[in-house]
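Descriptive analysis of the structure
Here is what each chain is made of, one letter per residue.
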Amino acid sequence: MGTLERESAMPRTRETLDLEELVITLYAALDDALTEAGIATRDGKLVPRPGPAPDVDDREVLCLAVLQELLGFESDHGFYQWFESNACLQQLFPRRLTRPNWADRRALLTPLVERLSQAFCALDGEESPPFSSSTRIRSMSAARSEPAARNVSADWPRTAIAHP
Amino acid sequence: MREHLVFTPGGRIAFVLQVPGNRHDVQGLYGLLKTTFRGRLLGDNAYWPKAAKREALTQKGITVTAAARSNWKVRNTAEEKTLLRQWRGKVERRIGLFDRQFNAGRTLCRSRRHYEARRWFKVLSHNLSRHLNRKLRRPRESVAHFQLAA
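If you're wondering where the values come from, they're calculated on a predicted model, not measured in any experiment.

Regarding the overall build of chain A
Each helix and strand in chain A was counted, giving 8 helices and 1 strand. Along its sequence from the N terminus, chain A presents helices and strands in the succession α-α-α-α-α-α-α-α-β. Within chain A, buried positions represent 26% of all 164 residues.

Rendered as structure tokens:
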């Protein structure tokens, strides 16, 4: 599905999203970011590693890990219990990992997340690092800073210092 | 653990770096030397690099404008002071919002590897939520409608 088709499929003005819409929207947005960052999936793997193709695609792990943080779950355990008991998510993600495997697979994707975060900056037309000169942040102040003017009035008057 | 966040002018998180909690703030800046980050930073007076590191930062493509204390020999220009005054409040507010919306003050996990993974995923969720809000025409910094969906 192309970006424009996905955008038109996204709900625009409704007051509330339902969970299924939210997950699909997240998945599509992450797919856009992966394309923007130039990251391709091979055998269900976003991070190249040895071994057979995993049962659960890395993109699904990525989507669920983002969903966990977006919904504000403090612990992995809490999220996993909610995930296990949610009929909608069970339908959307029929293949599931065990909880320790889930945390390990998520940790495996950490190097990717930095690039994806910057891809979202780029997708929003944000100035991604290095910020361009339009940011109005002048460079290296220490190199050009003016030395502080010496406060003469704060000096000890030389005449008042008694020399033996 | 102490975390340093780099925000873009539009409010996205460009980079996150964790350093041990008992280290000085400026170590977060020096830590960027070991990463892929390049860019221009604004910070408070704790981020003022020492001369030896300043050169290394410049070579890496990281430039810093930091507040100066009144008793320091170097002083920022009036323009830089205005810039710092203008941006500091905004950045503090964004840090507070990130903390509240993504439970950034409390992250439960088993090991440092998992901790770092979760912190980076919080950053990704932050940027993604801002991206979706823009597309869905929702308030730019809200996540309440996502949480309502669940």
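That shown, we press on.
Topic: the overall build of chain B
Within chain B, the secondary structure is distributed over 5 helices and 5 strands. The order of α-helices and β-strands along chain B, N terminus first, is β-β-α-β-α-β-β-α-α-α. Oriented by its inertia axes, the alpha-carbon framework of chain B measures out at about 55 × 35 × 25 Å. By residue count, 33% of the 150 residues in chain B fall in the buried class.

Details of the environment of P48 of chain A
Mapped onto the elements of the fold, P48 of chain A is located in the loop between α2 (19-37) and α3 (58-70). Residues P48 of chain A and L89 of chain A lie 41 residues apart in sequence; the distance between their C-alpha atoms is 27 Å.

Notes on unusual backbone geometry
All names here are of chain A. At D43, a residue that is not glycine, the phi angle is positive and equals roughly 55°. One can find D43 in the loop between α2 and α3. Its 12 C-beta neighbours within 10 Å are what place D43 among the exposed residues.

Brief notes about the interface of chain A and chain B
The partner chain B presents 60 residues to the 52 residues of chain A that form the contact. Looking at the side of chain A that touches chain B, the elements with two or more residues in it are α2, α3, α6 (99-108), α7 (110-123), α8 (141-144) and β1 (146-147) of chain A. In terms of residue count, α7 of chain A provides more of the side of chain A that touches chain B than any other element does, 9 residues in total. When the residues that make up the side of chain A that touches chain B are grouped by side-chain class, the tally is 25 nonpolar, 13 polar and 14 charged.

With respect to the environment of F93 of chain A
Residues and elements named next belong to chain A. Tracing the sequence through the fold places F93 in the loop between α5 (87-92) and α6. In this structure F93 comes out as partly exposed when scored by C-beta crowding, with 18 C-beta atoms within 10 Å. Spatially, the C-alpha atom of F93 lies 7.7 Å from that of E60, the residues being 33 residues apart in sequence. Residues contacting F93, with those up to four places away along its chain left out, are E60 and L64.

Section: the nonpolar core
Core analysis: the biggest nonpolar cluster contains 54 residues, and V66 of chain A together with L124 of chain B have the highest contact counts within it. Sort the elements by how many residues they give to this core and α3 of chain A lands first, with 8 residues.

Thoughts on the confidence of the model for chain B
On average, chain B scores 86 in pLDDT, and the residues at 70 or more come to 100%. The lowest-confidence element of chain B is strand β5 (residues 74-75) of chain B, averaging 80 in pLDDT; the highest-confidence one is helix α4 (residues 112-136) of chain B, averaging 91.

Describing the confidence of the model for chain A
All names here are of chain A. Here chain A averages 76 in pLDDT, and 68% of its residues register 70 or above. Mean pLDDT across the elements of chain A ranges from a minimum in α8, with 44, to a maximum in α3, with 93. Across residues 1-5, where pLDDT falls below 50, the model places 2 contacts with residues more than four positions away in sequence or in other chains. Segment residues 158-164 is flagged for pLDDT under 50; beyond a separation of four residues in sequence, or across chains, it makes 1 contact in the model.

Cut-offs applied
Residues numbered from 1 in each chain as written. Chains lettered and ligands numbered in written order. Predicted model: local features only at pLDDT ≥ 70, side-chain atom pairs only at ≥ 80, totals over all residues. Helix = DSSP H or I, 4+ residues; strand = E, 2+ residues; numbered from the N terminus. Buried ≥ 20, exposed ≤ 12 C-beta atoms within 10 Å, placed from the backbone. Contact = placed C-beta atoms within 7 Å. Nonpolar A, V, L, I, M, F, W, Y, C, P; charged D, E, K, R; others polar. Core = buried A, V, L, I, M, F, W, Y, C linked by C-beta atoms within 7 Å. pLDDT = per-residue confidence, 0-100.

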